[in-house]
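# Geometric and topological summary
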There are 2 protein chains.
Amino acid sequence: MTFDQTTTATLPIAPAVPSTGRLRPLGLGEVRITGGHWADRQRVNATATLAHIEHWLEREGWLGNFDLAAGGALPAGRRGREFADSEVYKYLEAVAWQLGRDDDPELEARFRRTVARVAAAQEADGYLDTNFGRSGQGARWSDLEWGHELYCAGHLFQAAVARERTRPGSDDGLLGVATRLADLVCDVFGPDGIPSVCGHAEVETALVELGRVTGERRYIEQARLFVERRGTGVLRDIEWGRSYYQDDIPVREADVMRGHAVRANYLASGAADVAAETGDAELSAALRRQWANTVARRTYVTGGQGSHHQDEAFGDDFELPSDRAYSETCAGIASVQFSWRMLLAEGDAAYADLVERTLYNVVATSPSADGTAFYYANTLHRRTPGEAADPDVVSPRAEASLRAPWFEVSCCPPNVARTLASLDAYLATAGHDGSLQLHQYAPARIRTVLGTGQEVALAVATEYPADGRIAVTVENDATEPWTLQLRVPAWAAGATLTVGGETREVAPGYAEVRRAFRAGDVVTLDLPVSPHFVRADPRIDAVRGSLAVERGPVVYALESVDLPAGWEGVDDAVLDAEVAPRDADGRVLVRLAHRVSGDGPWPYATAPAGSAAEPADVALVPYNEWAERGPSTMRIWIPES
Amino acid sequence: MTFDQTTTATLPIAPAVPSTGRLRPLGLGEVRITGGHWADRQRVNATATLAHIEHWLEREGWLGNFDLAAGGALPAGRRGREFADSEVYKYLEAVAWQLGRDDDPELEARFRRTVARVAAAQEADGYLDTNFGRSGQGARWSDLEWGHELYCAGHLFQAAVARERTRPGSDDGLLGVATRLADLVCDVFGPDGIPSVCGHAEVETALVELGRVTGERRYIEQARLFVERRGTGVLRDIEWGRSYYQDDIPVREADVMRGHAVRANYLASGAADVAAETGDAELSAALRRQWANTVARRTYVTGGQGSHHQDEAFGDDFELPSDRAYSETCAGIASVQFSWRMLLAEGDAAYADLVERTLYNVVATSPSADGTAFYYANTLHRRTPGEAADPDVVSPRAEASLRAPWFEVSCCPPNVARTLASLDAYLATAGHDGSLQLHQYAPARIRTVLGTGQEVALAVATEYPADGRIAVTVENDATEPWTLQLRVPAWAAGATLTVGGETREVAPGYAEVRRAFRAGDVVTLDLPVSPHFVRADPRIDAVRGSLAVERGPVVYALESVDLPAGWEGVDDAVLDAEVAPRDADGRVLVRLAHRVSGDGPWPYATAPAGSAAEPADVALVPYNEWAERGPSTMRIWIPES
């Protein structure tokens, strides 16, 4: 269904709305990105990435696994890891969102064909997983720690939810497949069932979403049960400890996120959904606390989370090495999902700030410009030039900091695809009191009906983040006053709001205008996006004595291909912190000096080593655009001279 | 056999001497530590650690595996990992060395009983490994990447070599077991055999040593073949790349050590042995280059190596995070073995410097004071207090930076034991030209015959490293002039040498005195061991803006139990670099200030955060003694204010 730009009346594409919370999300029928950075990304996603993913799912046999299952041939010939089914489901979710954005009969047909292959593999009692339950496979639910059965189920549920949110009542059969499996999950894991959880949280948030779109309260109750059980030691202890899968501390008792960063954020998302549906204030408070402590102590300047390669996990507080940053793409996506749920629940701009930072500096960094290669991990410092990945080869080394076409563990490509295809939904919300919030800035059209019944139509014009001006034009006459709230990011000290020729300074948070708007009214927000240095908390040992450069929401990086001739790599550079970073012809320049460090026999001495010379103005690149010009070294944090 | 203090004639306990090289190692019959720090460690090793290890080998069934093998019961009931046999062999090696230091009939009987159990498991053709080759097990040599068969064989050979070096011609049967297996290895992997290597290097150095004590040239040739094959891609590619097991680049072509740090150092040790036996100058040059680059760019201030938890591997150049330091105990031991071989070959004091640094700050750090708990990894910065390990429980978390009694992968405890039991052999060497070198300083007795035929007897008196004075008393009259060389460590600028009442300054390297010594002559070396700050190469990002304190060869650490009341942990401390560290009543004091860092909502700001106050003089602890006073936080590198 295309976005109907002529009517502000009935809104057929509704989001799955939490039953409590301060803000109501808008569906793709209510908000649409119409241009700019994210529209470009969405176009590449639609025209290149989706087909790329389908190609690899076929080529690697992960789609074929469903055909084998339907034909009774498994386990012989099954390919891929235990969670391969989930990549198919994330692909389906991405396609569902894309079809919600733009009609495309050919894509619709491909979607239906894939759904049919999945549906054919479902067993009579609703069970669906190509890796368990058959002769020669592990028994169903026999490996909750590592089997990923419920994780896969959750991604199936989310695909069905995406479809129902964009094509309600579609006859493709996907929702039925999902609910049959969800019913089985509730039977097996209900109050009198297996008293455990999945080693990889994900099904919790999916069950709540499925409950919202179907009205089936039982799914939400099952999600609540899963959230309550986790942290009580229901899973086996492992080398990295139960914290790996958050089974060390009950969710409502934990103070900070820990363990596997994707698992932690999906779990928190599900717990936030449960708290929203049950009005559980204690659980909400725990999540608020965990979010705040994690953001204050365990998050990279990019918004990335997870500093351990070994277990893809959060480290200790302030353990945030740049060169060993893991910052998995999927952890960034999961963090966006958690922050988004907290934003809906609490209405605090800090959540939207982190969503923006993470979208620009993690999610946008993963895919290549052409949408056919991806970072799995997103390092903040590459010391040695990588080699370009072969576009025809599956990378066994997800963590090697190469953009690669596909991975043996290929969670990130379809996760990026579903996020970009649904990005419109993160732009705006409506308050229950007759207000409308803009959280993210892009050229956009918004049409919705506020809680007061007031119809609202807006057009957002901006070149953000290149430029800081965001002009919101009201397109309809209001029958009564309503409130427009525009997010002012925490970094935007000195921002101004102009309404009716009057300009005033607005503080970080939400700048607010309340009136009976008339068609043609313009509200203009000016955010100061000139580049500036940022410093890290001194407890972040890894970047002591170094500065990073931000410009608006975008984190910049020094890449070796931009260095003067004769400099070996970015580790030769020291920063002149007396010279502020500055815009010049669309680039951001900093003053660097060339440090030549001859090797001594032993790198620990009593006197300082090295000297710097040859000052030069060097352009930085937006971090999300790095590594597009051949092998290079790169660093975000640059040592001060 | 006890050290015979009355004769300087025949030396029954001979080391396995390389056929080339500048220095000749001395055996336990020629050099003996008689007191001080290392004698204390050796006493604890002999009286507590050996029995502790035997207890756990029995309890975990790793000794029992041999009984099951002998009884034809395997694979049912086999316990432990694929390399469990090797822990038994390292234990045997440790006991062999200890029996070479001190007669102990009860220990001798235990040694023989254990050898008998191992021997009973050997198959008719010489094969010996409890994990392969039987019905229900993998075929022999079917998993060279991960099976560790040749690795285990190597440790068996080294146990036999230790026995032959301390009890030549013993009738316990161990040497026969070793040579039968070595013969089989040569048959199977010889020039016309399987053209591959073991995924974990170790057998190379062991084969050369076995060749030296038996005179069997074939073993040395087999080691040479293994060294030549590695790096040509004979092993399967894996997620971390073939560099993990050094199969990415031929040994003679590599510039720096990489991949798994224990594997890398054992391989280099074997290659050094091969180069010494074959006079291969190209291979020697490659090893010299690799050692130098690794020490200059990939080694912690403690001498520790390996910065990756994930693959227990070296990182890139200068990638040396303190908080995620892996610095495996076994990598330190393997590095000592490599440096020792380079020292024998080249005679350069830099090798002995690294041996000393690593012994004091890695090997000595692993075991607890009572010798019954061990660090597997040796972090340089602990941010959160650990919990004491249960002395009755196997730790599944070798990498958790707890000293634990035993690990699921328990390579480190017996490796420490064999190193401490053989430590005497690292003190001194003889030059082929009639010189004698002292490389490590401890109260000791030395009796040997120089290459010229000159008998030499020395007594070393010192309280090193607490005190910097080393007094060497000659105990016999020389018939002709000979040269005494005393190592002056690189950190010891301003050292002096006193001979016959004359004192002169001596530079780092070897201070030399040549004369026809008379009984009673004293040569005194004074090393300046006052504490001082060291700085890191600016390319080591992780410790930028921080200082460490060394005193002699000992690296110091700040431990939270020494902080003033009210300081939360070591990360509250900033260092006043204007106040030099100083000795006070046997402790080392530094001037710190208390930094109180309130959390902001986001740790990256435009202005510096935090302020420091409350200066206090705080005692540092030798790093090798930390974590003996309950849970604590710790850091070696302290940020400057």
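Residues numbered from 1 in each chain as written. Chains lettered and ligands numbered in written order. Predicted model: local features only at pLDDT ≥ 70, side-chain atom pairs only at ≥ 80, totals over all residues. Heavy atoms only, no water.

Residues and elements named next belong to chain A. With the rule as written, the count across this model stands at 40 aromatic pairs over all chains. Their ring planes at 65° and their centres at 4.4 Å tell us that tryptophan 291 and tyrosine 351 sit as a pair that is edge-to-face. With tryptophan 291 in helix 10 (residues 281-297) and tyrosine 351 in helix 12 (residues 349-363), this pair connects stretches of sequence that are 60 residues apart. Each member of the pair, tryptophan 291 as well as tyrosine 351, is classed as buried. With a centroid separation of 5.0 Å and 65° between ring planes, the pair formed by tryptophan 340 and tyrosine 426 is classed as edge-to-face. Highlighted residues: tryptophan 340 in helix 11 (residues 329-346) and tyrosine 426 in the loop between helix 13 (412-421) and strand 4 (428-431), separated in sequence by 86 residues. (Phe/Tyr/Trp six-rings, centres within 6.5 Å; stacked < 30°, edge-to-face > 60°. Helix = DSSP H or I, 4+ residues; strand = E, 2+ residues; numbered from the N terminus. Buried < 20%, exposed > 50% of the residue type's maximum accessible area, 1.4 Å probe, protein only.)

All names here are of chain B. Along the polypeptide, arginine 551 turns up in strand 15 (residues 546-551). Each C-alpha atom, one on arginine 551 and one on proline 465, is 8.2 Å from the other, the two residues being 86 residues apart in sequence. Every residue in contact with arginine 551, bar those within four places of it in the chain, is listed here: Pro465, Ala466, Val529, Ser530, Pro531, Tyr556, Asp583 and Val588. Engagement of the side chain of arginine 551 in a polar contact is seen with the backbone oxygen of alanine 466, the distance being 2.8 Å. At a separation of 3.5 Å, a polar atom in the side chain of arginine 551 contacts the main-chain carbonyl oxygen of valine 529. (Contact = heavy atoms within 4.5 Å. Polar contact = N/O pair within 3.5 Å; in protein donor to acceptor, adjacent residues only side chain to side chain.)

Take the UniProt feature "domain: Non-reducing end beta-L-arabinofuranosidase-like GH127 middle" (unreviewed entry) in chain A next. The positions that UniProt labels "domain: Non-reducing end beta-L-arabinofuranosidase-like GH127 middle" (unreviewed entry) are, in the present scheme, residues 436-528 of chain A. Within residues 436-528 of chain A, the helical portion is 0% and the strand portion 54%, while the C-alpha atoms at the span's ends are 23 Å from each other. (UniProt positions renumbered as here; feature names shortened; annotations may be inferred.)

This brings us to the packing of helix 8 (residues 217-229) of chain A against helix 9 (residues 261-278) of chain A. Residues and elements named next belong to chain A. Axis separation between helix 8 and helix 9 bottoms out at 9 Å; the angle between their running directions is 125°. Classified by the angle between their axes, helix 8 and helix 9 sit oblique to one another. Every pair of crossing elements has a handedness; the one defined by helix 8 and helix 9 is left-handed. Contact residues: helix 8 offers Arg217, Ile220, Ala223, Arg224 and Val227, while helix 9 offers Gly270, Ala271, Val274, Glu277 and Thr278. (Axes fitted to C-alpha atoms, helices over the stretch in contact; angles between N-to-C directions. Parallel < 35°, antiparallel > 145°, perpendicular 65-115°, else oblique. Left-handed = near helix turned anticlockwise from the far one by under 90°.)

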